[in-house]
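Here are the chains, one letter per residue:
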Amino acid sequence: MACGAAILAACASNNNAAETSRNAALPSYSLDNRSGAVTSVNRYLWSASLETLNFMPVFSADPIGGIIITDWFANPNVPNERLKANIYILDTTLRADALRVSVFKQQYTGAGWQDAPVNPATAREIENAIMTRARQLRLNSVG
């Protein structure tokens, strides 16, 4: 799976704006009551979201509002299908209810790209992967 993700990342990394968004420092705007640090969204959720979906090109990333919108991504093994994701970080705390993921799917037909249903478990699996990575990042920063 890691090899596949690396191949997909190589295919999707031609967008310089996407790379700039991924590598930009997280700006700080609101006060975190526990640590006294100034943040706009949970930095672990933000970083974990970008890392988890690093194989998809980023269309827009707003660290102040906590929104990451990917561009359409087509797996080279399934060229007639493409996916897009929207990630919403809703709070400065590291909690499951501070994260929402929406996934969109299209399939290519003779009439062009048509919307297709997405398995509801897909968004939950991405949310779980992001939460797992965010917790790892948090633990690494503490220890």
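The residue numbering used here restarts from 1 in each chain and proceeds along that chain's sequence as written. Side-chain atom pairs in this predicted model are given and counted only at pLDDT of 80 or more, local residue features only at pLDDT of at least 70, and totals for whole chains, interfaces and linings cover all residues. Computation of side-chain values covers all heavy atoms of the structure but excludes hydrogens and water.

Enquirer: I keep staring at the overall build of the chain and nothing clicks. Help me out?
Expert: Helix numbering and strand numbering both begin at the N terminus, where a helix is a DSSP run of H or I of at least 4 residues and a strand a DSSP run of E of at least 2. Per the secondary structure count, the chain includes four helices and seven strands. Reading the chain from its N terminus to its C terminus gives the helix and strand order α-α-β-β-α-β-β-β-β-β-α. Computed by Shrake-Rupley with a 1.4 Å probe, the accessible areas treat only the displayed protein chains as cover when residues are assessed. Approximately 8400 Å² of the chain is accessible, and the part contributed by carbon and sulfur atoms is 53%.

Enquirer: How should I be thinking about the pattern of salt bridges in this particular structure?
Expert: Between side chains of opposite charge, a pair can form as their charged atoms come close. For this document, the term salt bridge refers to a Lys or Arg side-chain nitrogen within 4 Å of an Asp or Glu carboxyl oxygen. Overall, the coordinates contain three salt bridges when judged by the stated rule. In this structure, the salt-bridge partner of R133 is E51, at a minimum N-O distance of 2.6 Å. In this pair, R133 sits in helix α4 (residues 120-142) while E51 sits in helix α3 (residues 43-52), placing the two residues 82 residues apart along the sequence. The closest approach of N and O atoms between K105 and E81, which form a salt bridge, is 3.4 Å.

Enquirer: It is not clear to me how the pairing of strand β6 (residues 99-109) should be interpreted in this structure. Could you clarify?
Expert: Both faces of the sheet carry side chains from a regular strand, because those side chains alternate between them. The pairing of strand β5 (residues 81-89) with β6 spans nine bridges and is antiparallel. Paired with I87 across the strands is V101, a residue of β6. Here the rule is simple: two strands pair whenever DSSP picks up at least two bridges between them. Bridge count between β6 and strand β7 (residues 112-116): five bridges; the pairing is antiparallel. Paired with T109 across the strands is G112, a residue of β7. Two successive antiparallel strands, β6 and β7, enclose a turn made up of two residues.

Enquirer: How do you make sense of the pairing of strand β3 (residues 58-62) when you look at a structure like this?
Expert: Bridging between β3 and strand β4 (residues 67-70) involves four bridges; their strand directions are antiparallel. Bridge pairing in β4 places V58 opposite T70. Counting the residues in the hairpin turn of β3 and β4 gives four residues, including G66, whose phi is positive at 75 degrees.

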